[in-house]
Amino acid sequence: MDEKNFSHNPFERYADDIIVHCRTEEEAIKLKEQIKERLLKCKLELHPEKTKIVYCKDANRNGSGQHEKFDFLGYTFRPEHQEIEWKVIYKFQSSNK
C-alpha cells in the first residue's frame, strides 16, 4: 500500500492474504481497481474468486452488501458486534504460469 496516497486506509497482511479498510463502497471499488493496476505492474493479479468487497455490519449499521462475511487466517468474520466498514479482501497470484 502507498502510505502517501492511502494513509487513511489501514490494512492487515499475512503472506498473500490482505484486508484493506475503507469507509464507503465507492472507496472500496476505487481502491480495488488501483490495487489491481499496481499488482499488474509487478506481474501479479488479484485472485478472481477470493477477491471481494465485504460490507461489515453491526447493530448500528443494518445495510447490506453482496458479501457480509469473510475468512482471514482461519477465522470467519461475520455480522455481530464489530465496527462497520467496507473492506477490500484480496489475494494475488502470479500471472507467470
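Our structure is the block above this text.
Scope of this entry: the structure provided in the associated data block. (Residues numbered from 1 in each chain as written. Predicted model: local features only at pLDDT ≥ 70, side-chain atom pairs only at ≥ 80, totals over all residues. Heavy atoms only, no water.)

**Focus: the overall build of the protein**
Counting secondary structure elements, the protein contains 2 helices and 7 strands. Counting from the amino terminus, the protein carries its helices and strands in the arrangement α-β-β-α-β-β-β-β-β. Looking at the 97 residues of the protein, the share that counts as buried comes to 31%. In the protein, the proportion of contacts linking residues at least 24 apart, taken out of those at least 6 apart, comes to 59%. (Helix = DSSP H or I, 4+ residues; strand = E, 2+ residues; numbered from the N terminus. Buried < 20%, exposed > 50% of the residue type's maximum accessible area, 1.4 Å probe, protein only. Contact = heavy atoms within 4.5 Å.)

**What to know about the nonpolar core**
Ranked by size, the top nonpolar core spans 9 residues in total: Ile18, Val20, Cys22, Ala28, Leu31, Ile35, Leu39, Leu46 and Ile53. Those elements giving two or more residues to this core turn out to be β2 (17-22) and α2 (25-41). It is α2 that contributes the most residues to this core, 4 residues altogether. (Core = buried A, V, L, I, M, F, W, Y, C linked by side-chain atoms within 4.5 Å.)

**Here we look at the side chain of histidine 21**
Here histidine 21 lies in strand β2. Judged by its relative accessible area of 13%, histidine 21 falls in the buried class. Engagement of the side chain of histidine 21 in a polar contact is seen with the side chain of glutamate 12, the distance being 2.8 Å. (Polar contact = N/O pair within 3.5 Å; in protein donor to acceptor, adjacent residues only side chain to side chain.)

**Things to note about a nonpolar patch on the surface**
Taken together, Tyr14, Leu73, Tyr75 and Phe77 make up a surface patch of nonpolar side chains, about 460 Å² in accessible area. Looking at the element boundaries, tyrosine 14 is found in strand β1 (residues 11-14). (Patch = residues over 30% accessible without salt bridge, like charges linked within 9 Å, V, L, I, M, F, W, Y side chains within 5 Å. Areas by Shrake-Rupley, 256 points an atom, 1.4 Å probe, with all protein chains shown as cover. Salt bridge = Lys/Arg side-chain N within 4 Å of Asp/Glu carboxyl O.)

**Observations regarding the environment of tyrosine 14**
For tyrosine 14, a relative accessible area of 53% corresponds to the exposed category. For tyrosine 14 and leucine 73, which are 59 residues apart along the polypeptide, the C-alpha to C-alpha distance reads 7.9 Å.

**Re the environment of arginine 13**
Position of arginine 13 among the secondary structure elements: in strand β1. Assessed through its relative accessible area of 56%, arginine 13 is described here as exposed.

Read these as geometric descriptors, not functional statements.
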